[in-house]
Amino acid sequence: KWKLIDNDKPHYENRRTGERVWTLPVIGQAVGRTFSHGPKKPPKGLEKRSKSLSDYGHVKDSSQSPVVKCEGMLKRKITHAPAEVKCEKSWTPLFTVLKANTLFFYKDSKHYRRNEPESACELTETAQILSEHDRKGFKLIKIQKDNGLEMLLKVKDEAGTRSSSFDSWLEQLTSSAGGPTQGMRSSHSTSHLENMDYDGDVDIRSIIGNKEITKKDINEFLKRRETANQLNKSCIQQMLDEQGIDISHLDKSKKKEVLNKLLSARPSVGDLEKRGLIKYTVFQCPLAKLCSRQKVQVPKVVTQCIEAIEHRGLKSSGIYRINGNNASITKLRYKVDREEAVNLKDQEYDINILTGFMKLFLRELPEPVIPWNQYPIVERAIRDGDAGIGDPVTAIKQVVQNLPEPNKSTLIYIILHLVRVANEENQMDEHNLSIIFGPSLLGNHPERRNLLADLPVQNKAIELIISNYKTIFTFR
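Residues numbered from 1 in each chain as written. Predicted model: local features only at pLDDT ≥ 70, side-chain atom pairs only at ≥ 80, totals over all residues. Heavy atoms only, no water.

### A short note on the overall build of the chain
This is how it is decided: The way it works is that DSSP assigns letters per residue, a run of H or I at least four long becomes a helix, a run of E at least two long becomes a strand, and they are numbered from the N terminus. For each residue, the accessible area found with a 1.4 Å probe, counting protein chains only, is set against the maximum for its type, and the residue is called buried under 20%, exposed over 50%, and partly exposed in between. Only heavy atoms matter for contacts: two residues are in contact if any of them lie within 4.5 Å across the pair. Only the protein chains shown count as cover for residues, and the accessible areas themselves come from Shrake-Rupley with a 1.4 Å probe.
Helix and strand content of the chain: 16 helices and 11 strands. Within the chain, the proportion of its 476 residues that are buried is 41%. The long-range share in the chain, meaning contacts at least 24 apart out of those at least 6 apart in sequence, stands at 60%. When the accessible surface of the chain is totalled, it reaches about 27,700 Å², and 48% of it is carbon and sulfur.

### Here we look at the pairing of strand S8 (residues 119-122)
Along any regular strand, the residues point their side chains to alternate faces of the sheet. For clarity, the cut-off: Strand pairing follows a simple DSSP-based rule, namely that at least 2 bridges must link the two strands.
Residues Ser 119 and Cys 121 line one face of S8 and the alternating positions Ala 120 and Glu 122 line the opposite face, and both faces are buried. Both strand S7 (residues 102-106) and S8 contribute to a ladder of four bridges, which runs antiparallel. Residue pairing across strands places Thr 102 opposite Glu 122, the latter belonging to S8.

### Here's the deal with the pattern of salt bridges
Test applied: A side-chain nitrogen of Lys or Arg and a carboxyl oxygen of Asp or Glu constitute a salt bridge if their distance falls within 4 Å.
On inspection of all chains with the given rule, the structure shows nine salt bridges. Note that Glu 150 is salt-bridged to Lys 142, the shortest N-O span being 3.7 Å. An identical accessibility class is assigned to Glu 150 and Lys 142; each is buried. When the shortest N-O distance is used, the salt bridge between Asp 337 and Arg 333 registers 3.3 Å. One end of the pair is Asp 337 and the other is Arg 333, both in helix H9 (residues 326-337) and four residues apart, which spans about a single turn. For the pair formed by Asp 337 and Arg 333, the shared burial category is buried.

### Examining the packing of helix H8 (residues 300-312) against helix H13 (residues 405-422)
Rules: Working convention: axes come from line fits to C-alpha atoms, limited for helices to the stretch in contact. Angles between N-to-C directions cover 0 to 180 degrees. Here the word oblique covers every angle except those under 35 degrees (roughly parallel), over 145 (roughly antiparallel) and from 65 to 115 (roughly perpendicular). By the convention adopted, Pro, Cys, Tyr, Trp, Phe, Met, Ile, Leu, Val and Ala count as nonpolar, Lys, Arg, Asp and Glu as charged, and the other residues, Gly among them, as polar.
Following both chains from N to C, one finds H8 and H13 inclined at 10°, their axes separated by 11 Å at the closest point. Taken as axis vectors, H8 and H13 run roughly parallel relative to one another. Facing H8, whose interface residues are Val 302, Thr 303, Ile 306, Glu 307, Ile 309 and Glu 310, H13 presents Tyr 413, Ile 414, His 417 and Arg 420. Grouping the amino acids of the contact of H8 with H13 by side-chain chemistry returns five nonpolar, two polar and three charged.

### With respect to helix H12 (residues 392-401)
Owing to its 3.6 residues per turn, the α-helix brings residues three or four apart onto one side. We apply this condition: This arc corresponds to the set of directions leading from the helix axis out to the C-beta atoms. Here a polar contact means two N or O atoms within 3.5 Å. Within protein one must be a hydrogen donor candidate and the other an acceptor candidate, and residues neighboring in sequence count only if both atoms are side-chain atoms.
Of all the residues in H12, the buried ones are Pro 392, Val 393, Ile 396, Val 399 and Val 400. One side of H12 holds all its buried residues, which, seen down the axis, span an arc of 120°. Capping the start of H12 is the job of one residue whose side-chain oxygen sits 3.3 Å from the backbone nitrogen of Val 393: Asp 391.

### Details of the sheet that holds strand S9 (residues 128-133)
With respect to topology, seven strands assemble into an open sheet ordered S8-S7-S6-S5-S11-S10-S9, the strand pairing being antiparallel. Of all strands in the sheet, those with a lone pairing partner are S8 and S9, marking the two edges. Strand-to-strand, the axes of this sheet are offset by a mean angle of 35°, without reference to chain direction. Inspection of the sheet shows S9 paired to strand S10 (residues 139-144) by six bridges, in the antiparallel sense. Bridge pairing links His 133 to Lys 139 in S10. Its contacts with the sheet put helix H2 (residues 166-176) on strand S5 (68-80), strand S6 (92-99), S7, S9, S10 and strand S11 (150-155), and the angle it makes with S5 is roughly 85°.

### Considering the environment of Arg 293
With respect to the helices and strands, Arg 293 occurs in helix H7 (residues 287-294). Considering only alpha carbons, one finds Arg 293 and Thr 281, 12 residues apart in sequence, at a separation of 9.3 Å.

### Some details on the packing of aromatic side chains
Rules: Between 30 and 60 degrees the pair is tilted, below 30 it is stacked and above 60 it is edge-to-face, where a pair is any two Phe, Tyr or Trp rings, Trp via its six-membered ring, whose centres lie within 6.5 Å. A positively charged side chain is recorded as over a ring if its NZ (Lys) or CZ (Arg) lies within 6 Å of the ring centre. The angle to the ring normal must also be within 35 degrees.
For the structure on display, the rule yields five aromatic pairs. Taken together, the ring pairs in this structure connect Phe 95, Tyr 106 and Tyr 112 into an aromatic cluster. The ring of Phe 105 has Arg 76 lying over it, and the distance from NZ or CZ to the ring centre is 4.7 Å. The cationic tip of Lys 154 hangs over the ring face of Trp 91; the distance from NZ or CZ to the ring centre is 4.6 Å.

### Section: unusual backbone geometry
Of note, Asn 115 is a non-glycine position whose phi angle comes to about 55°, a positive value. Take Asn 115: it is sitting in the loop between helix H1 (109-113) and S8. Phi at Gln 284 takes a positive value of approximately 65°, unusual for a residue other than glycine. Along the polypeptide, Gln 284 turns up in the loop between helix H6 (269-274) and H7.

### Examining the confidence of the model for the chain
Low pLDDT marks regions whose predicted coordinates should not be analysed in detail. Threshold: Confidence of the predictor at the level of single residues is given by pLDDT, which spans 0 to 100.
Residues at a pLDDT of 70 or more form 67% of the chain, whose mean pLDDT is 75. Mean pLDDT values for the elements of the chain range from 43 in strand S4 (residues 34-35) up to 95 in H13. Low pLDDT, under 50, characterises residues 28-64; the predicted model gives this stretch 71 contacts beyond four residues in sequence or across chains. Taken together, the stretch residues 179-211 has pLDDT below 50 and engages in 56 contacts with residues farther than four places along the chain or on a different chain.

### A look at the state of the cysteines
Rules: Cysteine sulfurs are considered disulfide-paired once they come within 2.5 Å of each other.
Evaluated as defined, the whole model comprises zero disulfides. Cys 285 takes part in no disulfide bond, and the closest cysteine sulfur, belonging to Cys 291, lies 8.9 Å away. A residue is classified by how much of its surface remains accessible, and Cys 285, at 1% relative accessible area, is buried.

### Considering H13
Spelled out, the test is: Expected span of a helix, by definition, is 1.5 Å for each gap between consecutive residues, and there is one gap fewer than residues.
A rise of 1.5 Å per residue sets the reference length of H13, with its 18 residues, at 26 Å; its end C-alpha atoms lie 26 Å apart and thus fit the reference within 8%. A large share of H13 lies buried, amounting to 14 of its 18 residues.

### Regarding the environment of Ser 467
Along the chain, the position of Ser 467 falls in helix H15 (residues 451-467). Residue class for Ser 467 comes out partly exposed when judged on its relative accessible area of 43%. In this structure the C-alpha to C-alpha distance between Ser 467 and Asp 429, which are 38 residues apart in sequence, comes to 9.9 Å.

Below is the structure:
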């Protein structure tokens, strides 16, 4: 659409209308000062550019142009836009180039080589770069600007095209938004810590959270790291003293050999559990033991998590399929394991974090909700049902009826929740939910080798229970 003209002073000419401008129009920003189609040399009165225009520079020479941070075919969709920009209802494939803090969009790579961009988007300081998922679970990059522009980008990999990955695009766009050109970082960057020799268990983010890192934070981090190293050394020395071993006269290689033998001879996790030195409070705790300690039929973590999920609403598209932030889930897991007071209905825990937390608890049970000794019966019922022999609903009803009380109550509580999920418009029917909860509720026996062959059986069993819950959960 726009052609670069480089006679005395570089400017752009619209191929359709003949309109000429000093700078390339930016998406979400009106065209600045223009001059009509006339002599190729611009009038002298327009030699000085207006300050209101976007200052991302002209592409006059490849040696003078900003460094290309990312390039490749992307799919673009403009969901919200100011009055002067049209929204895009469908995805538009464009060859996209990120230079400095500006995205340039070209019709294809040929137009890029000819320096004929279709449009551009400047990433100002107020621009927000977000990572999202669409209804099919594909990763998207969302760009929001303070002028009301909202744009979605989808990375498209094409054979023979130099295309950056999704993570590379996200990182470069985030660093470019409001940052200096040429990929330079601010003085408060975490790059101060990249070359540190770190041996302790202390993470600087556990000290300062998500704020910018300062020199004071680094000094505090170094103090804690030194404390952790001293603690590790004191623990090792205590182990040596208990064994009556003196390694002070040995050289470095011999010391290392002795310590390796000492550490490899430590008791296993199972032995430490039997001796009561390791206690699993919630996660990895047997279901019957957890319910007995809490004096409930269904673990509190299950009931509270499901209540919080249903409090958020079950109409979230792709619920249970879209994963939440792994760091937030892990942090929540440690809080619950330490039996800290946690309100799962707080706004900091979105619905994807809660569903991921729920799936993590079920996966880490030492034995699944439907125990392994019942799996051969379930497998036989599903395979006979596929072959038209017998009634799988009756067989699985008998399995559920024979479960231990904590397992039975927990299974019923979860299945009734999944029934309510399947009844909402969220693209998660019984079949999709069974794919997620089949391996979690039936588990993978450690002695079974062909785990992939078990997946169809597990999925069909859970789908059968969800679809026939009224029949299966009616006991006499």
